[in-house]
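Understanding the architecture of this molecule
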Amino acid sequence: MKKIIIALLAFLPLTCMAQNTWEAPTVDSTQIKAEQAQKAKAEAQKKLENAKYLAGAVPETDGKVVFTLDRDVPGKTADQIYSAVFTALQALTQEQCEFPNSKISVVNKGEHTIAARYKEWLVFQSTFLSLDRTVFNYTIIAKATDGHIHCTLERISYQYEMDRGDSEGMSVKAEDWITDKYALNKKKTKLLKGSGKFRRKTIDRKDNIFGKLCQALQIKY
């Protein structure tokens, strides 16, 4: 019996040593700081991207939503600018998202003025299981002078989910839907869930169209 007790006492320190191998995991502070910096950078980038859609991003003229492209076009005559813009606006009517009735409505070659009316699909989200989009109507009026282009995108309206059997849909003008009053929260720091997506996609499409016109004129947007 005495020998057994001595053997147990001899084994006890080894047991304690084995138990002491358990310890709290160490935290890599460098990795944590890097992750925090990356997260902060992503949040800052998101705020910067969202800023273009916030207060003042949808301009109003006499109570109407009017986006304006007003740029100098050095070295080009009114005829040259008119021709380039006409070609670009005509090409726009043939894009995949356009309805057949998108067209250049009227021109005045003597005054170098073009008016075009468009009806197209503005897509919010497209996946294998769902498609969220609206009919997007707008008018573009362009006037060329020597060394200058003045272009507006206006008379904007939407027709949303008008063909759904389980919904009445919505037909609304931009003035009643995507302005600061209707598409931003009270502090004007966030887009509202419903109208906000219309505002965001309209601004994106406006930038896309004006960018194509500037490319046609070989100037920066």
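Thresholds applied
- Residues numbered from 1 in each chain as written.
- Predicted model: local features only at pLDDT ≥ 70, side-chain atom pairs only at ≥ 80, totals over all residues.
- Heavy atoms only, no water.
- Helix = DSSP H or I, 4+ residues; strand = E, 2+ residues; numbered from the N terminus.
- Expected span 1.5 Å × (residues − 1).
- Core = buried A, V, L, I, M, F, W, Y, C linked by side-chain atoms within 4.5 Å.
- Buried < 20%, exposed > 50% of the residue type's maximum accessible area, 1.4 Å probe, protein only.
- Contact = heavy atoms within 4.5 Å.
- Axes fitted to C-alpha atoms, helices over the stretch in contact; angles between N-to-C directions.
- Parallel < 35°, antiparallel > 145°, perpendicular 65-115°, else oblique.
- Left-handed = near helix turned anticlockwise from the far one by under 90°.
- Nonpolar A, V, L, I, M, F, W, Y, C, P; charged D, E, K, R; others polar.

A word on helix α5 (residues 193-216). The terminal C-alpha atoms of α5 lie 35 Å apart, and with 24 residues this matches the ideal 34 Å at 1.5 Å per residue to within 8%. Just beyond α5, the residue with positive phi is glutamine 218, at close to 60°.

Attention shifts here to the nonpolar core. Val85, Leu89, Tyr138, Ile140, Ile156 and Tyr158 are the most contacted members of the largest nonpolar core, which totals 42 residues. Listed by contribution, the elements that provide at least two residues to this core are β3 (67-72), α3 (78-92), β5 (113-126), β6 (131-145), β7 (148-160) and α5. Beyond its immediate sequence surroundings of up to four residues, leucine 89 is in contact with Ile104, Ile114, Tyr118, Ile140, Ala142 and Leu213.

Attention now moves to the packing of α3 against α5. When two helices pack together, you describe them by how their axes are tilted relative to each other and by the distance separating the axes. At a closest axis distance of 8 Å, the pairing of α3 and α5 adopts a crossing angle of 140°. In terms of their interaxial angle, α3 and α5 are classed as oblique. Two packed elements cross with a definite hand, and for α3 against α5 that hand is right-handed. When α3 is examined against α5, the residues Ala84, Val85, Ala88, Leu89 and Leu92 are found in contact with a partner set consisting of Arg205, Ile209, Leu213 and Ala216. Classifying every residue of the contact of α3 with α5 gives eight nonpolar, no polar and one charged.

By themselves these figures say nothing about function.
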